[in-house]
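What follows is each chain in one-letter form.
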Amino acid sequence: MTHAAHPVPDRYTVVLRPGPPGVQDAKGHDAVLRTARVEATGATGVSGYPCYEGEGVRAEIDPESRAVEAVTVDGEELPYGWIAQLGEDDPGRRRS
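Quick caveat: nothing in here was measured; it's all calculated off a predicted structure.

1. Looking at the side chain of Asp62
You can see Asp62 is positioned in strand S4 (residues 57-62). A distance of 2.9 Å separates a polar atom in the side chain of Asp62 from the backbone nitrogen of Glu64. A polar contact is formed between the side chain of Asp62 and the side chain of Ser65, at a distance of 3.0 Å. Not counting chain neighbours up to four residues away, the residues in contact with Asp62 comprise Tyr49, Ala67 and Glu69.

2. A closer look at the pairing of strand S2 (residues 34-44)
Across 6 bridges, the pairing between strand S1 (residues 11-17) and S2 is antiparallel. Residue Thr13 lies in a different strand from S2, and its bridge partner there is Arg37. The sheet contact formed by S2 and strand S3 (residues 50-54) spans 3 bridges and is antiparallel. What sits directly across from Ala40, in S3, is Tyr52. Linking two consecutive strands that pair antiparallel, namely S2 and S3, is a turn of 5 residues; a positive phi of about 95° is found at Gly48 within it.

3. Re the pairing of strand S5 (residues 67-73)
With 6 bridges joining them, S4 and S5 adopt antiparallel strand pairing. In the strand pairing of S5, Arg58 is matched with Thr72. Between S4 and S5, which pair antiparallel one after the other, the connecting turn spans 4 residues, and Arg66 there sits at a positive phi close to 65°. Of the strand pairs in this sheet, S5 and strand S6 (residues 76-77) are connected by 2 bridges, and their pairing is antiparallel. Among the inter-strand pairings, Thr72 is bridged to a residue of S6, identified as Glu77. The loop that links S5 with its antiparallel partner S6 comprises 2 residues; one of these, Asp74, has a positive phi angle of about 50°.

4. A word on the confidence of the model for the chain
Mean pLDDT for the chain: 84, with 77% of residues reaching 70 or above. Averaged pLDDT values over the elements of the chain bottom out at 93 in strand S7 (residues 83-86) and peak at 98 in S3.

5. Details of the sheet that holds S5
If you trace the 7 strands from one edge of the open sheet to the other, you get S6-S5-S4-S3-S2-S1-S7, paired in antiparallel fashion. A single partner strand is all that each edge strand has here, and the edge strands are S6 and S7.

6. Overview of the side chain of Thr13
Turning to its location among the elements, Thr13 is positioned in strand S1. The class for Thr13 is buried, based on a relative accessible area of 19%.

Cut-offs used in this document
- Residues numbered from 1 in each chain as written.
- Predicted model: local features only at pLDDT ≥ 70, side-chain atom pairs only at ≥ 80, totals over all residues.
- Heavy atoms only, no water.
- Helix = DSSP H or I, 4+ residues; strand = E, 2+ residues; numbered from the N terminus.
- Polar contact = N/O pair within 3.5 Å; in protein donor to acceptor, adjacent residues only side chain to side chain.
- Contact = heavy atoms within 4.5 Å.
- Pairing = 2+ DSSP bridges.
- pLDDT = per-residue confidence, 0-100.
- Buried < 20%, exposed > 50% of the residue type's maximum accessible area, 1.4 Å probe, protein only.

Structure follows, in structure tokens:
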């Protein structure tokens, strides 16, 4: 049985956090350092996943697992200790 290719969304929101999920700020909220709305470029990255760019962030995202496989921020590697995830309420819009 072969699996159909997972549809590639047009856009995602990438959320940059200071470390593993669950790190909270002084008010008890999940800490967020930066967010960026990224759009599909139509290219495939070195990871083999679709590339997305926007607001200074370039990411390669696995549309099936929703994992951010590669990311740069303002042309640089992700700062030490930061992690990149997709926004929880952002399923991405499907291409037609």
